[in-house]
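Observations on the model geometry
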Amino acid sequence: MEKKRFRIDIDWGQAAKATKETLLSIGQGNFLIRLRVDKLFPYILVLFILGCANIWLSYEVEQAALRVERNKKELETLKIYHSHLTGEIVELNRLSTIEGMLKEMGSEVKIPDKPADRIR
């Protein structure tokens, strides 16, 4: 079997001329018009709007994630603060602490020695 070889003859003069015209049209600013992109303008506009919407939504998602992280840190701080306050309240609920506070204020009230009697 004989292999067929394809030979492509390139006209380098034509290629140089096409390259020159392409570079000139880019420099003059009419390259896209030569490619007839003006027919595709509505599609390009829609793609531009969708791209802008994508960028904007990505920005909003990133901002929401930052707010979540900030709120998590603040929540941890508030949990610690809540635990501290709960401990202080429990400490204030003890009779010995109340009696000490009353002594500091100069009150003569103290914890009863025997429980109160119930009248029936």
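Residues numbered from 1 in each chain as written. Predicted model: local features only at pLDDT ≥ 70, side-chain atom pairs only at ≥ 80, totals over all residues. Heavy atoms only, no water.

Quick word on the overall build of the protein
Along its length, the protein carries four helices and zero strands. The linear arrangement of helices and strands in the protein, starting from the amino end, is α-α-α-α. Over its C-alpha trace the protein gives a radius of gyration of 42 Å, far above what one expects of a compact globule, namely 14 Å for 120 residues. Referenced to the eigenvectors of the C-alpha coordinate spread, the extents of the protein come out at roughly 120 × 50 × 35 Å. Out of the 120 residues in the protein, the part that is buried amounts to 2%. Total accessible area on the protein stands at roughly 12,300 Å², and carbon and sulfur atoms take up 62% of it. Side-chain charges in the protein split into 20 positive and 17 negative, and the spacing between the mean points of these groups amounts to 12 Å. (Helix = DSSP H or I, 4+ residues; strand = E, 2+ residues; numbered from the N terminus. Rg over C-alpha atoms; globule rule 2.2 N^0.38 Å. Buried < 20%, exposed > 50% of the residue type's maximum accessible area, 1.4 Å probe, protein only. Areas by Shrake-Rupley, 256 points an atom, 1.4 Å probe, with all protein chains shown as cover. Lys, Arg positive; Asp, Glu negative; His and termini not counted. Charge placed at Lys NZ, Arg CZ, Asp CG, Glu CD.)

What about the pattern of salt bridges?
Per the stated rule, a full pass over the model turns up two salt bridges. With its nearest N and O atoms 3.7 Å apart, the salt bridge here joins D38 to R36. Residues K114 and D117 are paired through a salt bridge, measuring 3.8 Å at the closest nitrogen-oxygen approach. Look at K114 and you get exposed, because its relative accessible area is 58%. (Salt bridge = Lys/Arg side-chain N within 4 Å of Asp/Glu carboxyl O.)

A few points about helix α1 (residues 12–28)
Between its terminal C-alpha atoms α1 stretches 24 Å, which fits the 24 Å expected from 17 residues at 1.5 Å a residue. G29 sits one or two residues past α1 and shows a positive phi near 90°. (Expected span 1.5 Å × (residues − 1).)

Quick look at a nonpolar patch on the surface
A cluster of nonpolar side chains, namely F41, L45, F48 and I49, defines an oily patch on the protein surface of about 430 Å² accessible area. Structurally, I49 is set in helix α3 (residues 41–92). (Patch = residues over 30% accessible without salt bridge, like charges linked within 9 Å, V, L, I, M, F, W, Y side chains within 5 Å.)

Concerning the side chain of S25
Along the polypeptide, S25 turns up in helix α1. For S25, the contacting residues outside a window of four places in its chain are N30, F31 and R34. (Contact = heavy atoms within 4.5 Å.)

Focus on the environment of I119
Mapping I119 onto the fold places it in the segment after α4 (95–104). A residue is classified by how much of its surface remains accessible, and I119, at 83% relative accessible area, is exposed. With 110 residues separating them along the chain, I119 and D9 place their C-alpha atoms 122 Å apart.

Concerning the environment of I10
Along the chain, I10 falls in the segment before α1. With relative accessibility at 49%, the residue I10 sits in the partly exposed group.

What to know about the side chain of T97
Topologically, T97 is positioned in helix α4. If near-sequence neighbours (up to four positions away) are discounted, T97 is found in contact with E91 and L92.

It is worth stressing that arrangement in space is one thing and function is another; only the former is reported here.
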